[in-house]
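# Secondary and tertiary structure notes
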Amino acid sequence: MSTLTLPKNRDLYYGGAWHAPKDGQTRQTASPATGERFGPVAVGSGEDMAQAIAAAKAAFRGWRDTPPRHRAAALKIAARILRENKAELAKLDAAESGNPVSAMLKDVDMAADGLDFFAGLVTEIKGESIPMGPDAVNFTQREPLGVVGRIIAYNHPLMFCGAKMAAPLAAGNTVIIKPAEQAPLSVLRFFELLEGVFPPGVLNCVNGGVEAGKVLAGHPDVAMVGLIGSVPTGRAVMAEAAKTVKPVMLELGGKNALIACADVDIDKVAQGIVAGMNFSWCGQSCGSTSRALIHAEIYDAVIARVVEKLAAFRPGDPTDPQTTMGALISRAQYEKVLRYIEIGKTEGARLVAGGGPADVAGLEKGNFVAPTIFADVTPDMTIAREEIFGPVLSILKWTDEDKAIEITNSVEYGLTCSIWTRDLVRAHRMAQRADAGFVWINKAGPHFLGAPFGGVKQSGIGREECLGEMLSFTREKNIHIALD
Ligand SMILES: NC(=O)c1ccc[n+]([C@@H]2O[C@H](COP(=O)([O-])OP(=O)(O)OC[C@H]3O[C@@H](n4cnc5c(N)ncnc54)[C@H](O)[C@@H]3O)[C@@H](O)[C@H]2O)c1
């Protein structure tokens, strides 16, 4: 790993400077593939987080009053910095998060695109005027909220940092990023590269775990908190935020369904099933279509084709550009995924591919799990109901459309859904009926900047990657002027 550019600063960044954690606590991160250690990183306590919140609060008025086009200019510089350092940041992300560098290069682009996108939208933070007759002018204006907390998950460390800071900053809020404690290095390196781009206190970063996250969610001087994480964490963040009645934006988990009708092209749907599972990320993606509901008429043929396509995913060293599938983030996640595989076997699902650890020559310490497929899964089985966040696909058989929709909607989640059919009338009907915030028809996987992404039910609250995300970080004020 000698070619990695590791961050020199491993402390907490707030108020425009690096600060050692008050209690001196650090945490060592390691490559999920090789086990190589990357050195200690500061772990912020609740007290450290409170200091960062004070710095962000002090910077708020200045940033709020900065002309929007100047705020946009800073975001564009941040985007440029990402693109200029793309190779180094992607490699660092790959080494620490375990995802293949080829995928992480795209993540850097997505972060930069998100920054540019919201920079371009700053003039859309508009109000409206309400007609009151000749004796009054009544209008609304949108104002930023104050300090915004952004708590992020480990699966796209840099992309979530860059893309999720963009909307609140564009709207004039100051921001505290809390990276995932498993993978903070690319975020820290980005913050090093960003020095001087934003005024002190406008953009801050406090690495840490539950304690730091809790303080960020509950602190009275934080106006809003956004989380990308699991459903239990979403509930915890909401409960903390409730103490000061602050709004939350929650992007949580999923157990997303892909529904294949009988009229589809077998090869295309098999490709969609594999793409939707995000095997490159070992399935560690919230939008993964980890339940494939396949019509009985094409069931066996599709399964056979899906198994063939798995050959494209060979677990390997994430920093190797040729690697197509990475390693799970931690030993704990690895063991959790293997437990789910055992549960699948015990509950009677038919294993058709994978089913255990993957051997990678020379990387015996890696958290590698073979891409795994279970067929004949029934809706009541654990692997049909719970988010595994691993490379485990559950395939279910259906014949009746109503039943397929009922199964789709039978879980607590509702993030994405992918529907495959040549009959667009049917596709629209099914899309209307699916409890999901984001539906693909004859596609699975991609997000589109400008198109709202977010969940229903316990998959979350709020919509991101669109104008609405930025407006969520503002509030409306009504002003009435009497002219008489
Ligand atoms: N919907 C989306 O856009 C999206 C995207 C990526 C991941 N996810 C979800 O994230 C989960 C995987 O990530 P994870 O394991 O890192 O999730 P996690 O919920 O364990 O942790 C997410 C973040 O929350 C912090 N955190 C944990 N407990 C907290 C608490 N009580 N208060 C405040 N902060 C707390 C963690 O330190 C981390 O930064 C999966 O469920 C996945 O579906 C959702």
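The rules we used
- Residues numbered from 1 in each chain as written.
- Predicted model: local features only at pLDDT ≥ 70, side-chain atom pairs only at ≥ 80, totals over all residues.
- Heavy atoms only, no water.
- UniProt positions renumbered as here; feature names shortened; annotations may be inferred.
- Helix = DSSP H or I, 4+ residues; strand = E, 2+ residues; numbered from the N terminus.
- Rg over C-alpha atoms; globule rule 2.2 N^0.38 Å.
- Buried < 20%, exposed > 50% of the residue type's maximum accessible area, 1.4 Å probe, protein only.
- Pairing = 2+ DSSP bridges.
- Right-handed = clockwise from strand over helix to strand, strands pointing away.
- Core = buried A, V, L, I, M, F, W, Y, C linked by side-chain atoms within 4.5 Å.
- Contact = heavy atoms within 4.5 Å.
- Expected span 1.5 Å × (residues − 1).
- Bend = angle between axes of the 7 residues up to and from the residue.
- Polar contact = N/O pair within 3.5 Å; in protein donor to acceptor, adjacent residues only side chain to side chain.
- Near = heavy atom within 4 Å.
- Areas by Shrake-Rupley, 256 points an atom, 1.4 Å probe, with all protein chains shown as cover.
- Nonpolar A, V, L, I, M, F, W, Y, C, P; charged D, E, K, R; others polar.
- Patch = residues over 30% accessible without salt bridge, like charges linked within 9 Å, V, L, I, M, F, W, Y side chains within 5 Å.
- Salt bridge = Lys/Arg side-chain N within 4 Å of Asp/Glu carboxyl O.
- Phe/Tyr/Trp six-rings, centres within 6.5 Å; stacked < 30°, edge-to-face > 60°.
- Lys NZ or Arg CZ within 6 Å of the ring centre and 35° of its normal.
- Axes fitted to C-alpha atoms, helices over the stretch in contact; angles between N-to-C directions.
- Left-handed = near helix turned anticlockwise from the far one by under 90°.

If you check an unreviewed UniProt entry, the protein chain appears there as Betine aldehyde dehydrogenase from Pelagibacterium halotolerans. The UniProt entry for the protein chain carries the following comment under Sequence similarities (unreviewed entry): "Belongs to the aldehyde dehydrogenase family."

### Observations regarding the overall build of the protein chain
Secondary structure assignment for the protein chain yields 15 helices and 20 strands. Taking 484 residues into account, the globule formula puts the C-alpha radius of gyration at 23 Å, and the protein chain, at 23 Å, falls close to it. C-alpha extents for the protein chain along the principal axes are approximately 75 × 60 × 40 Å. Every one of the 484 residues in the protein chain was classed for burial, and the buried ones make up 58%.

### Looking at the pairing of strand β18 (residues 438-441)
Here β18 shows a buried face lined by Phe438 and Trp440 and an unburied face lined by Val439 and Ile441. Strand direction decides the pairing type here: strand β17 (residues 416-420) and β18, joined by four bridges, are parallel. Residue pairing for β18: isoleucine 419 is matched across the bridge by isoleucine 441. For the crossover from β17 across helix α14 (residues 424-433) to β18, the handedness is right-handed.

### Brief notes about the nonpolar core
Met165 and Phe198 are the most contacted members of the largest nonpolar core, which has 65 residues in total. Among the elements that make up this core, the one with the highest residue count is helix α5 (residues 157-170) (10 residues). For phenylalanine 198, the residues in contact, after removing those within four places along its chain, are Trp63, Ala74, Leu75, Ala78, Met165, Leu169 and Leu203. Formed by 58 residues, the second largest nonpolar core is a distinct cluster that contains Val264, Ala292, Tyr299 and Ile303.

### Things to note about the sheet that holds strand β20 (residues 474-482)
Reading across the sheet, the three strands line up as β5-β6-β20 and stay open at both edges, with antiparallel pairing between neighbours. In the strand order of this sheet, the two ends are held by β5 (129-130) and β20, each with one partner. Here β5 runs beside strand β6 (residues 136-144); their pairing, made up of two bridges, is antiparallel. When the sheet's bridge partners are listed, isoleucine 130 is paired in β6 with asparagine 138.

### A closer look at helix α1 (residues 46-64)
With 19 residues, α1 ought to run about 27 Å at 1.5 Å a step, and its terminal C-alpha atoms sit 26 Å apart, in line with that. In α1, a bend of some 30° at alanine 58 exceeds every other bend along the element. Those residues of α1 not exposed but buried are Gly46, Asp48, Met49, Ala52, Ile53, Ala55, Ala56, Ala59, Phe60 and Trp63.

### What to know about the side chain of asparagine 204
Note on placement: asparagine 204 falls in strand β9 (residues 203-205). Using a relative accessible area of 0% as the deciding quantity, one classes asparagine 204 as buried. Within the structure, asparagine 204 has its side chain in polar contact with the backbone oxygen of glycine 201 (distance 2.8 Å). Not counting chain neighbours up to four residues away, the residues in contact with asparagine 204 comprise Tyr13, Tyr14, Gly15, Ala56, Val175, Ile176, Ile177 and Phe191.

### A short note on the site of the ligand
Near the ligand there are 28 residues, and of these Ile152, Glu181, Thr233, Leu252 and Glu387 occur at the shortest range. Against a free-state accessible area of 840 Å², the protein chains account for coverage of 89% of the ligand. Among the secondary structure elements, those contributing two or more residues to the shell around the ligand are α7 (210-218), β10 (224-228) and α8 (231-242). In the shell around the ligand, the residues fall into 17 nonpolar, six polar and five charged.

### As for the UniProt feature "active site" (unreviewed entry) in the protein chain
Within the UniProt annotation, "active site" (unreviewed entry) is assigned to Glu251. Within the secondary structure, glutamate 251 is located in strand β11 (residues 248-251). Given the relative accessible area of 5%, glutamate 251 is considered buried. For glutamate 251, the residues in contact, after removing those within four places along its chain, are Leu227, Ile228, Gly229, Leu415, Phe453, Gly454, Ser459, Gly462 and Glu464.

### Some words on a nonpolar patch on the surface
Side chains of Val137, Ile481 and Leu483 sit close together on the surface and give an oily, nonpolar patch of about 230 Å² of accessible area. Of note, isoleucine 481 is situated in strand β20.

### Things to note about the packing of aromatic side chains
Applying the stated rule across the entire model yields eight aromatic pairs. Taken together, a centroid distance of 5.6 Å and an interplanar angle of 50° make the contact between phenylalanine 279 and phenylalanine 313 tilted. Here phenylalanine 279 is found in the loop between α9 (266-276) and β13 (291-295), whereas its partner phenylalanine 313 is found in the loop between α10 (299-309) and α11 (331-346), with 34 residues between them in sequence. In textbook terms, an aromatic cluster arises when at least three aromatic residues are bridged by ring pairs, as seen for Tyr13, Trp18 and Phe191. Its end group placed over the ring of tyrosine 334, arginine 331 keeps NZ or CZ at 4.1 Å from the ring centre. Residue placement shows lysine 397 over the ring face of tyrosine 299; its charged tip is 4.7 Å from the ring centre.

### Comments concerning the packing of helix α13 (residues 401-408) against α14
Relative to each other, α13 and α14 sit at 35°, their axes nearing to 10 Å. Viewed along their axes, α13 and α14 form a crossing whose handedness is right-handed. Judged by residue contacts, Glu401, Asp402 and Ile405 of α13 engage Arg426, Arg429, Met430 and Arg433 from α14. For the contact of α13 with α14, the per-class residue count stands at two nonpolar, no polar and five charged.

### Brief notes about helix α3 (residues 86-97)
Taking 1.5 Å of rise per residue, the 12 residues of α3 would be expected to cover 16 Å, and the 16 Å separating its terminal C-alpha atoms lies within 8% of that figure. With nine of 12 residues buried, α3 is to be regarded as a mostly interior element. Those residues of α3 that fall on the buried side of the exposure criterion are Glu88, Leu89, Ala90, Leu92, Asp93, Ala94, Ala95, Glu96 and Ser97. Structurally, α3 contributes buried residues whose contacts are with β3 (26-30), β4 (37-42), α2 (68-84), α4 (101-120), α5 and α6 (185-193). Remark: glycine 98 follows α3 within two positions and exhibits a positive phi of approximately 85°.

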